[in-house]
Amino acid sequence: RTLDRSGLLPPRVRYASACSGIDTFAEAVDVLRPGAWEYVHAAECDAAPRGVLARAWGLSPSEIYADAADTADADEVDLYMVSPDCSKFSRRFHGRDVDTVADGAVDTQRVLAFVQARRAELVVVENVAESDGVSAITTILTGIGGYTWMKQTLSAREHAGAPVTREREFWVGVRGAVVLAAVAV
């Protein structure tokens with residue numbers, strides 16, 4: 001809703017996602033913009049969610065990449081959602097250490113090919129709100145030129161009334177020098 005009210009999205013939104021499973025973010029876009037958006041492409045490494053993406057959103061196999069690293073030349077969009085693998089940043093990963101977090105950062109950098117190619121007007125990145133993961137992702141994102149980045153920690157329980165206790169970190173990148181009323185990175 002915040003992005004929708006920002007005035008940064010066109011009347012008809014061209015949307016894409018990566019690493020987002022069955023893409024519940026797309027469902028939110030559909031609820032807020034019924035009939036006023038188009039799912040242009042997705043990237044998902046797991047075959048089962050790729051099948052759900054195809055059936056739920058009408059994407060053809062050529063519009064679903066098996067690897068987000070292959071999206072650098074994909075069609076440009078207005079809104080791009082990416083949710084890099086959070087397992088190496090999560091405190092639930094027993095035995096997590098500096099090397100594990102570094103591996104998570106390398107994985108994150110790799111799946112941001114579309115963002116690095118500056119193919120989206122607005123980018124939303126979502127991950128766990130663990131300090132070392134937040135620091136790693138923030139470092140990666142601020143190193144990508146052409147975007148102004150803001151971030152915010154959200155709690156599904158506090159902000160949406162959902163029975164989920166884990167906080168999530170959201171980064172929003174706006175191509176160019178536009179600044180939203182949010183916490184700047």
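Thresholds applied
Residues numbered from 1 in each chain as written. Predicted model: local features only at pLDDT ≥ 70, side-chain atom pairs only at ≥ 80, totals over all residues. Heavy atoms only, no water. Phe/Tyr/Trp six-rings, centres within 6.5 Å; stacked < 30°, edge-to-face > 60°. Buried < 20%, exposed > 50% of the residue type's maximum accessible area, 1.4 Å probe, protein only. Helix = DSSP H or I, 4+ residues; strand = E, 2+ residues; numbered from the N terminus. Expected span 1.5 Å × (residues − 1). Polar contact = N/O pair within 3.5 Å; in protein donor to acceptor, adjacent residues only side chain to side chain. Contact = heavy atoms within 4.5 Å.

A.B. asks: Please explain the packing of aromatic side chains as it appears in this structure.
C.D. replies: Between two aromatic rings, the relevant description is the distance of the centres plus the angle of the planes. A complete count under the given rule lists eight aromatic pairs for this structure. Ring centres 5.8 Å apart and planes at 45° place the aromatic pair W37 and Y39 in the tilted group. Assigned by exposure class, W37 and Y39 land together as buried. Considering the side-chain rings of Y39 and W57, the 6.0 Å spacing of their centres and the 40° angle between planes classify their relative orientation as tilted. One end of the pair, Y39, is in strand β2 (residues 37–43); the other, W57, is in helix α3 (residues 47–57), with 18 residues separating them in the sequence. Put simply, the rings of Y15, F25, W37, Y39 and W57 touch in pairs and so form one group of aromatic residues.

A.B. asks: What is the right way to look at helix α6 (residues 131–142) in this model?
C.D. replies: Because each turn of an α-helix spans 3.6 residues, side chains separated by three or four positions in sequence point in the same direction. A rise of 1.5 Å per residue sets the reference length of α6, with its twelve residues, at 16 Å; its end C-alpha atoms lie 16 Å apart and thus fit the reference within 8%. Of the residues making up α6, those classed as buried are G133, V134, A136, I137, T138, I140 and L141.

A.B. asks: Where do I start with the side chain of T71 in this structure?
C.D. replies: As for its placement among the helices and strands, T71 is situated in the loop between β3 (64–65) and β4 (77–82). Residue class for T71 comes out buried when judged on its relative accessible area of 1%. Side-chain polar atoms of T71 contact the backbone oxygen of A68, separated by 2.7 Å. Contact partners of T71, with chain neighbours within four places excluded, come to A43, Y65, Y80, A113 and F114.

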